Protein chains: 2
Amino acid sequence: MLSEDRIIHNYFRTAGAERSDVCVGIGDDAAVLEPPPGRNLVAAVDTLNEGVHFPAATQPAAIGHRALAVNLSDLAAMGAEPAWATLSLCLPAPDEAWLEGFADGFRALARQHGVALVGGDTTRGPLSVSVQLLGWLRPGEALTRAGAKPGDGVYVTGHLGGAAAGLRLLLEGRASTSEPLTRAFLWPEPRVAIGQDLCGLASAAIDLSDGLGTDLPRLLAASGAGASLDPEQLPLAPAALALLGASAAREGALAGGDDYELCFTVPAEAEDELAARAVNWSTPVTRIGCVEASPGLRFSGEAEPAKLPEGWRHFEEKGS
Amino acid sequence: MLSEDRIIHNYFRTAGAERSDVCVGIGDDAAVLEPPPGRNLVAAVDTLNEGVHFPAATQPAAIGHRALAVNLSDLAAMGAEPAWATLSLCLPAPDEAWLEGFADGFRALARQHGVALVGGDTTRGPLSVSVQLLGWLRPGEALTRAGAKPGDGVYVTGHLGGAAAGLRLLLEGRASTSEPLTRAFLWPEPRVAIGQDLCGLASAAIDLSDGLGTDLPRLLAASGAGASLDPEQLPLAPAALALLGASAAREGALAGGDDYELCFTVPAEAEDELAARAVNWSTPVTRIGCVEASPGLRFSGEAEPAKLPEGWRHFEEKGS
């Protein structure tokens, strides 16, 4: 039987990047880390539960990737540089093949972004993965949700609605129908470099975890503003458009969640600079609308706030 | 129905101390924090699952207290000063009375130790609470598990075996039998000030989460040493001794876990200084044995490593 100490030793000691600023890593009561001078610390935590955030029997490497990716996406939305992670893993029973796959998925993404795994906790219970991610940014450079002003352009990275369609295919047992869609759900690519590049340029930012129709209103509420969107400009995932048609693909983009793209606002006078920087980005960026003073989210041409499909939220799925 | 945003707003915005070094707290994609210059960062994470780490129907305030206490205990074992926490809370359903009780228990302990709650995550699933705690210490002053040398005295704070006996009473539905024991389990007092006072004095330290018989060997293994204990010197919880008798109380102290006292080693030449500092501590400290070069844990007078009862470990409770 694998003890907690063994699991940590066998699978997690090497599940991240090596960093010289880790004074005490995995294996003591807590990690001791050497922060770079003159920076602010950024901390995020996000938990994924089997059956809630991913279907049962999801491949363990994808779970390891996804658990880190959703936190990298949070740091990206702040414009921060990721550095160190801790992991709390709750498993029904220790399973060596599962642990190996999980650690592989986590490790590949951690090394890609230079993240060291510095501590954690392994407990027994229903499968649940919680990652806490720490990183850095220059004081005053944080991209928060507050700061969007009327006249700012509203932008998103990448394509929307692919992950929601992929999840649907997985739940229906049709994962083979469209690989790009299931891949969008299982292997999201956090926009870490783009987030850092937006510092000093974007006026507000948020990452799209629950769907544009839920997350953009959060940004607008924090900024005390509203926005008008052009539905024709939403960058729908091509494979979702092909599979579902325009209307359902658009609904997935607004309400589906799990895209982990960035949504951000840029003052009009900085939009040329944005276009210049975006040339070097790994994914397209699309202007989808404009910030307005009047609260709420409208589609262009409509006077009243749009009736958007609700994003997928915990606790609101069940009745009672 | 309470949404995640509502839960965070209603219960967790005020669930910690106020700190001026929190630039962006709860409610954005990540927290932004201002670290004190010239310190090392210390990070711990510990998760408590219902039915594994505490019995079903445990009062929510005790769960809130305990989830933070076990992490404060980890920071205490490093000699660190706690500062900021994030919380990942997984709930079967939103329950306002439960959330209020939980937040009350968390808040009281957080304010006592000056800890701000700066972020978190609320998900749906079986009850599970994961706290990530961040704090600080001076470079080079961390108390690690490595560092114990032959000749050092082995010490523990407080009394041992009370929490294990309390858990047994709770599981047997006899919580009223001995309030000090159930209290020891439900409301552990992390030894944060003592841990900080041990910096520059102790050669190694660990907190007792799984029982002295499991945790002290971890410290000894990390130090490449062994120890001899005097079983007569173990500071058994008086109420456990009265309820269970000496033999069972001793077994609880060694194998029971959940005491969250500190176990540490002190070089012979520093033992007078320890006695002088301990006068001001809120709980007694007891010398229970001596570090030796030969690996393993022995009881005094025995030549062979003692056959200790196994500490309570996840995954090892179930067979298969």
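Throughout this description, residue numbers start from 1 for each chain and increase along the sequence as written. Chain letters and ligand numbers both follow the written order, the letters beginning at A and the numbers at 1. Residue-level local features of this predicted model are given only where pLDDT is at least 70; pairs of side-chain atoms are given and counted only at 80 or more, and the full residue set underlies all totals for whole chains, interfaces and linings.

Right, let's get into the overall build of chain A. Runs of E in the DSSP output that reach at least two residues are strands. Runs of H or I that reach at least four are helices, and both are numbered from the N terminus. On a plain count of helices and strands, chain A comes out with ten helices and twelve strands. Computed over its C-alpha atoms, the radius of gyration of chain A comes to 20 Å, within 12% of the 20 Å expected for a compact globule of 320 residues. Along the first, second and third principal axes, the C-alpha set of chain A runs to 65 × 50 × 40 Å. Buried positions account for 57% of the 320 residues belonging to chain A. Each residue is represented by a C-beta atom placed from its backbone, and any two residues with such atoms within 7 Å are regarded as in contact. Considering only contacts in chain A between residues 6 or more positions apart, those separated by 24 or more positions represent 85%. Just to be clear, the radius of gyration here is over C-alpha atoms, and the globule rule we use is 2.2 Å times residues to the power 0.38. For the exposure call, what matters is how many other C-beta atoms sit within 10 Å of a residue's own: 20 or more marks it buried, 12 or fewer exposed, and in between partly exposed, using C-beta atoms placed from the backbone.

Whether two strands pair depends on DSSP finding at least two bridges between them. As summarised here, the arrangement of the six strands in space is β1(A)-β2(A)-β3(B)-β6(B)-β4(B)-β5(B), forming an open sheet in which the pairing is mixed. Bordering the open sheet on either side are β1 (22-24) of chain A together with β5 (116-124) of chain B, each of which pairs with just one other strand. Within the sheet, the average angular offset between the axes of one strand and its neighbour, ignoring direction, is 20 degrees. Where β1 of chain A lies against strand β2 (residues 31-33) of chain A, two bridges are found, and the strand directions are antiparallel. Each axis is a line fitted through C-alpha atoms, and for a helix only the stretch in contact is used; angles between axes span 0 to 180 degrees, taken between their N-to-C directions.

Residue and element names in this part refer to chain A. Even without being glycine, D258 reaches a positive phi, approximately 70 degrees. Looking at the element boundaries, D258 is found in the loop between α9 (246-255) and β10 (262-266). A positive phi angle, close to 55 degrees, is found at Y260, a residue other than glycine. By the element assignment, Y260 lies in the loop between α9 and β10.

Here we come to the domain arrangement of chain A. Size of an interface, as often reported, equals the accessible area lost when the parts are brought together. Residues and elements named next belong to chain A. Where each domain begins and ends is defined by an automated method or by a domain database. When cut into domains, chain A gives domain 1 (4-137) and domain 2 (153-299). Relative placement of domain 1 and domain 2: their C-alpha centres are 25 Å apart. On the side of domain 2, 19 residues touch domain 1, which itself brings 19 residues to the contact. Three residue categories are used. Nonpolar comprises Ala, Val, Leu, Ile, Met, Phe, Trp, Tyr, Cys and Pro, charged comprises Asp, Glu, Lys and Arg, and polar comprises the others, including Gly. Here the side of domain 1 that touches domain 2 is built from residues that sort into eleven nonpolar, five polar and three charged.

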